[in-house]
Each structure stands twice: as C-alpha cells, then as structure tokens.
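Chain and residue survey
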Amino acid sequence: MKSAPDVWQWPWYLFAALTVGHVLLISAQLNTDRGVPVIEDVTFGTFAEAQRGISAAVGGVRTWWGDYVALQMVRDDNIRLRRELSQLQVTLQQERAMARQSRTLSRLLELRTQVPLATVAAAVIAGGASPEFRTLTIDKGTADGLRPNMAVLAPAGVIGRVVSPGSRAALVQLLIDRNAAVGVMVERSRAQGVAEGTGTEMRLNYVSGGDDVVAGDVAVTSGIDGIYPKGFVVGQIESVEREAGAFGAIRIQPAVDFLSLEVVLVVTSPPRLAVGDVASGPGTQAQE
Amino acid sequence: MKAVGVLAALALALALQTTLARFLPGGAAALDLVLVVVVFVALKHGPVTGMLAGSAAGMIQDALSIGVIGIGGLAKSIVGFAVGAIGQQFIVAAALPRLVIFLGASVGHAMMFIGLYVLLGLGSFPSPWSGILSQALGNTAVGMVAFSIVEVFPVLVDRRRLSRRTRR
C-alpha cells in the first residue's frame, strides 16, 4: 500500500508556501501611492490589462462607427454644449466662493467652542512586544471611551498616543518610537518644529534657521498636529548642532522616563484648534 | 509534545519581553527574547519547526505592536528556517558556532525587518547599526545562557540523584 506523502519532509516547499503567505498577508495591509491595497492593485492590474485589450478592440469598432458612420447633428450639439459649459463655469465659481466662506466660519465656530480637556486614568499593563517599536499597553479601551489618536500624558509630560484601542486595553505609541512625531515649540522663544522619535530619544526637525533654540530649552506641544493638546512638556533640548547657519541635529531628552511608567492619563476630549492658534501659549489644562 | 513545549517557550518569551524587558537599561530594544527562542527551537528541532515557530511568534509580535502584520513573521520564519538548515548541515554543538549563529541570526533578522520596512516605505530607521549590534549582543548572551541551562540542568539533576542513591 502506498503511503501518503509526508509534507514535513518537504521543508523547502513549506518555506516557499509560508513566505508567499506572509507576502500576501503584508500586501493585503499595504496601500500603493494611489491609496489602493497592493494585493488589489496587482490583481486588478492583471485583470485590467486583459479588460483593456478587449475594451480597445470594442472601442476601435465603436470609434470607427461613431466617427465615420453616425455623424449626425454633431455641429448643433457642439454649440449647445459650449453654451452649457460657460454657464456651469460661472456657477462653479460662485459655489467655490461660498465653500471658502463656509470653511472660514466653521473655523471661527470651532475656536469659540474650545473646551478644557477630559482625561481617563489608565495603568500600564505591558511593554512593547517587538523591540523595533516603542509601545505600551494600558488597561483601558474603547469601553472606557478611548479612540485612536487620543493623546496620552503623564505628570512629567507627554507620553504618546493611542494607536490601537481594544475593548478593554489599548496600545500606546511612545513619542520615542521611530514612526512617532509631534508638533512642538520651544517654550522660551516660541520657535516651532516637529519632534520625531529615533528609538531612544527625539530629534527636533523642521526648525527655521533664524529661530532661537539653545540647549536647555524646554520643548512643549504646539497642538498643530491635532492630536496632542497644546502646552504640555515634551522634553528638554539636549544639544543643538548648527551647520552653515541652518540647524543640524537638535536632540531632545524626553521629559518622561518611559521605563518607569505605571499610570498614565488619556485625553478623551480631542484638542480643538483653530488655524493661527499655535503661538498664543499654553491654553489647556488637564482634569481628572 | 514538542509543539506544546515550543508554544510554551514562545509564550514565556513573549510574556518576559512585554513585562520585564522594558525595565532593562536599554529598554525593550535591548533584547528580542522571542527571537532567541526561535533560534533555540530551530537549532534543537530543525528548519520546519524553526520556521513555523518564527512565523507564529513574529506574527503575534506584529499583532501586539504597531507594525504591519506579517513583516516580523516573515523575518523570523526566514531566520528560523535558515538557522534550522544550518544546524542540520553543520555541527553547532560547541559554544563558538552557537555564538556565531545567535549573532548572525540577530543581525540578519534586524536587517530583514528594517529592510522590509524601508523597502515598502513604511518607516525610516536612521543609523540603526548601534541598536542592531547591541541587541545582537544581548540576544547572544541570553541565548548562550539559555543553552547552557537547558543542557547543564538535566546533568546536574542526574548527578544529584546518583549521589543520593550512593549515600543510601
């Protein structure tokens, strides 16, 4: 009797299958520059080429028919359509002017309805599972009102933001994570920039060469990112390098000791910010 | 039984990684205990077990972090397979070959992981070499100690039993 083939004897086939499986899984989560999932883009692209061929053949026949056989009343249609287009262009201009006015009014309304922050206290229950990412897990989730992109604070300063809330726990991306960024300003000189995580600390980037930044300055959130409320401490400028008048590396020592966190505050009320509000100093306060 | 043991080891490594590793001087970045277990399993049980363990462990890590699910799994499954295949082809029972394997696996894993993220445009890793090297050294140290414990512990227990019997 012939025995069934043992797949465990085929490591290379298994390896290839597993690798393809991983690539498909990764592709399913990624988007192309056009915002379409990669797997969908590849699949769609393949079938689309076949459709394009069929469409080109059918289209050729239709074009031939339309251009040479069915040319009736085209001149009259053309004149009528040009008149309609002119009218529509005028209407479009009017609509655009009204939309601009509406946006300006809604920004003013948002600024007027700005409210103090509401927070939820949460305990840190785990560190990051992967050493390549700087994350924490807290014991509050969507059941407690947590949503993605809510700011997470500690008494010493800003910790990070909620990236993946479960029902009873949430994953928090720390400010020092390589993919984390926060809009900051230097408290003393009001110079603005973006603090980006490096894995162990932060770098202050996009600072204008004419701005005043020196070691020892305190960097606070500018609120311009729409995630972190304005005026909370991010860290202290540790060193400033200048290259030909422009700023080189500006290192920020985080205000929070991420290794000893036990309890954090999650800001449940989103920071409401109007354009042009970033230079007027701390304007929010936490309340439990 | 083997699968249960591997799963238990991975679960323990993951638990230690998320609870204790962040209190180390370099934080959680100083060690990847899950990778240590994957390399250990691959050396002990071969490429298929190493690959499956790496795939499962990597995907769990991906799911528990903010990364794309599958990238860590792919990197760890390749490492598990490669280490298992090397372990079958060469004699790696001595300390030096094991040390080289742990170092190579850690560096290879980090390069694959970072390379995939950079290649797919999902993140930037400015000057990662010091981090990669320090983590590789940490992983190697833990891996060597783990191997020593696993191999020496049964011998010590046997000796103790034998000495008790001789006393009687």
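Residues numbered from 1 in each chain as written. Chains lettered and ligands numbered in written order. Predicted model: local features only at pLDDT ≥ 70, side-chain atom pairs only at ≥ 80, totals over all residues. Heavy atoms only, no water.

A separate point is the overall build of chain A. Summing up its helical and strand segments, chain A has three helices and 12 strands in all. Buried residues in chain A amount to 33% of all 288 residues. The contacts of chain A with a sequence gap of at least 6 include a subset with a gap of at least 24, amounting to 55%. Surface accessibility of chain A: about 17300 Å² in total, with carbon and sulfur atoms responsible for 57%. (Helix = DSSP H or I, 4+ residues; strand = E, 2+ residues; numbered from the N terminus. Buried < 20%, exposed > 50% of the residue type's maximum accessible area, 1.4 Å probe, protein only. Contact = heavy atoms within 4.5 Å. Areas by Shrake-Rupley, 256 points an atom, 1.4 Å probe, with all protein chains shown as cover.)

The next subject is the nonpolar core. I138(A), I159(A) and L261(A) are the most contacted members of the largest nonpolar core, which totals 44 residues. Counting residues per element, this core draws most heavily on strand β3 (residues 151-154) of chain A, at four residues. Of all hydrophobic cores here, the second largest spans 14 residues; its members include F40(B), A42(B), V79(B) and F147(B). (Core = buried A, V, L, I, M, F, W, Y, C linked by side-chain atoms within 4.5 Å.)

This part takes up the interface of chain B and chain A. Facing 40 residues of chain B, the contacting portion of chain A comprises 34 residues. Across the chain B to chain A interface the summed buried area is about 3300 Å²; carbon plus sulfur atoms make up 72%. Linking chain B to chain A there are zero salt bridges. Joining chain B to chain A, the criterion identifies five residue pairs in polar contact (both at pLDDT 80 or more). For the side of chain B that touches chain A, the secondary structure elements donating two or more residues are α1 (2-19), α3 (47-64), α4 (71-89) and α5 (95-119) of chain B. For the side of chain B that touches chain A, the element with the highest residue contribution is α3(B), accounting for seven residues. Along the lines of polarity and charge, the residues of the side of chain B that touches chain A split into 24 nonpolar, 14 polar and two charged. (Buried area = accessible area lost by both parts, 1.4 Å probe. Salt bridge = Lys/Arg side-chain N within 4 Å of Asp/Glu carboxyl O. Polar contact = N/O pair within 3.5 Å; in protein donor to acceptor, adjacent residues only side chain to side chain. Nonpolar A, V, L, I, M, F, W, Y, C, P; charged D, E, K, R; others polar.)

Residue and element names in this part refer to chain B. Its 13 residues give helix α2 (residues 33-45) an end-to-end C-alpha distance of 18 Å, which sits within 8% of 18 Å, the value for a rise of 1.5 Å per residue. Of all the positions in α2, only L33, V34, L35, V36, V37, V38, V39, F40, V41, A42 and L43 are classed as buried. On its buried face, α2 sits against α1, α3, α4, α5 and α6 (129-167). Where α2 terminates, the next one or two residues include G46, which has phi positive at roughly 100°. (Expected span 1.5 Å × (residues − 1).)

All names here are of chain A. As for its placement among the helices and strands, E243 is situated in strand β10 (residues 233-243). Here E243 falls in the exposed class, since its relative accessible area comes to 51%. Through-space distance from the C-alpha of E243 to that of G209 is 9.5 Å; in sequence the pair is 34 residues apart.

All right, on to the side chain of S106(B) then. All names here are of chain B. Position of S106 among the secondary structure elements: in helix α5. Here S106 falls in the buried class, since its relative accessible area comes to 3%. S106 has contacts with L35, A136 and N139, leaving out every residue within four places of it along the chain.

Turning to the sheet that holds strand β7 (residues 192-197) of chain A, a few remarks are in order. Within a beta sheet, neighbouring strands are joined by backbone hydrogen bonds and run either parallel or antiparallel to one another. Residues and elements named next belong to chain A. Ordered by their spatial adjacency, six strands build a closed barrel running β6-β7-β8-β11-β10-β9, and the pairing between neighbours is antiparallel. Between one strand and the next, the sheet's axes are offset by a mean angle of 40°, whatever the strand orientation. Pairing between β7 and strand β8 (residues 202-205): four bridges, direction antiparallel. Bridging across to β8, E196 finds its partner in R203. (Pairing = 2+ DSSP bridges. Axes fitted to C-alpha atoms, helices over the stretch in contact; angles between N-to-C directions.)

Another aspect to go through is the pairing of strand β5 (residues 170-174) of chain A. Residue and element names in this part refer to chain A. Among the five residues in β5, five count as buried, and that is most of the element. Taking every second residue as pointing to the same face, both faces of β5 are buried, with A170, V172 and L174 on one and L171 and Q173 on the other. The pairing of strand β2 (residues 135-138) with β5 spans four bridges and is antiparallel. Bridging from a neighbouring strand, I138 pairs with A170 of β5. Two elements, strand β4 (residues 157-165) and β5, share five bridges in a ladder whose sense is antiparallel.

Residue and element names in this part refer to chain B. Across all of its chains, the model carries nine salt bridges over all chains by this definition. Across the pair D32 and K76 runs a salt bridge, and its minimum N-O distance is 3.1 Å. A residue pair is termed long-range when its members are at least 10 positions apart, and D32 in the loop between α1 and α2 and K76 in helix α4 qualify at 44 residues. Each member of the pair, D32 together with K76, is buried.

Residue and element names in this part refer to chain B. The first and last C-alpha atoms of α6 sit 56 Å apart over 39 residues, in line with the 57 Å expected at 1.5 Å per residue. Bending of α6 peaks at approximately 30° at the position of V152, with proline P154 no more than four residues after it. Taken together, the buried positions of α6 are occupied by I132, Q135, A136, G138, N139, T140, G143, M144 and F147. Those residues of α6 hidden inside the fold are in contact with α2 and α5. (Bend = angle between axes of the 7 residues up to and from the residue.)

The next point concerns the environment of L116(B). All names here are of chain B. Position of L116 among the secondary structure elements: in helix α5. For the pair L116 and I71, spaced 45 residues apart in sequence, the C-alpha to C-alpha distance is 7.1 Å. Sequence-distant contacts of L116, defined by excluding residues within four places in its chain, comprise I71 and L74.

Attention now moves to the packing of aromatic side chains. Tallied over the entire structure, the rule returns eight aromatic pairs over all chains. On the basis of an interplanar angle of 70° and a centroid distance of 5.6 Å, the ring pair of F133(A) and Y117(B) is categorised as edge-to-face. One end of the pair, F133(A), is in the loop between β1 (119-126) and β2; the other, Y117(B), is in helix α5, on a second chain. Comparing F133(A) with Y117(B), the two get one shared label, buried. Here the aromatic rings of F113(B) and Y117(B) are separated by 5.1 Å at their centres, their planes lie at 40°, and the arrangement is tilted. (Phe/Tyr/Trp six-rings, centres within 6.5 Å; stacked < 30°, edge-to-face > 60°.)

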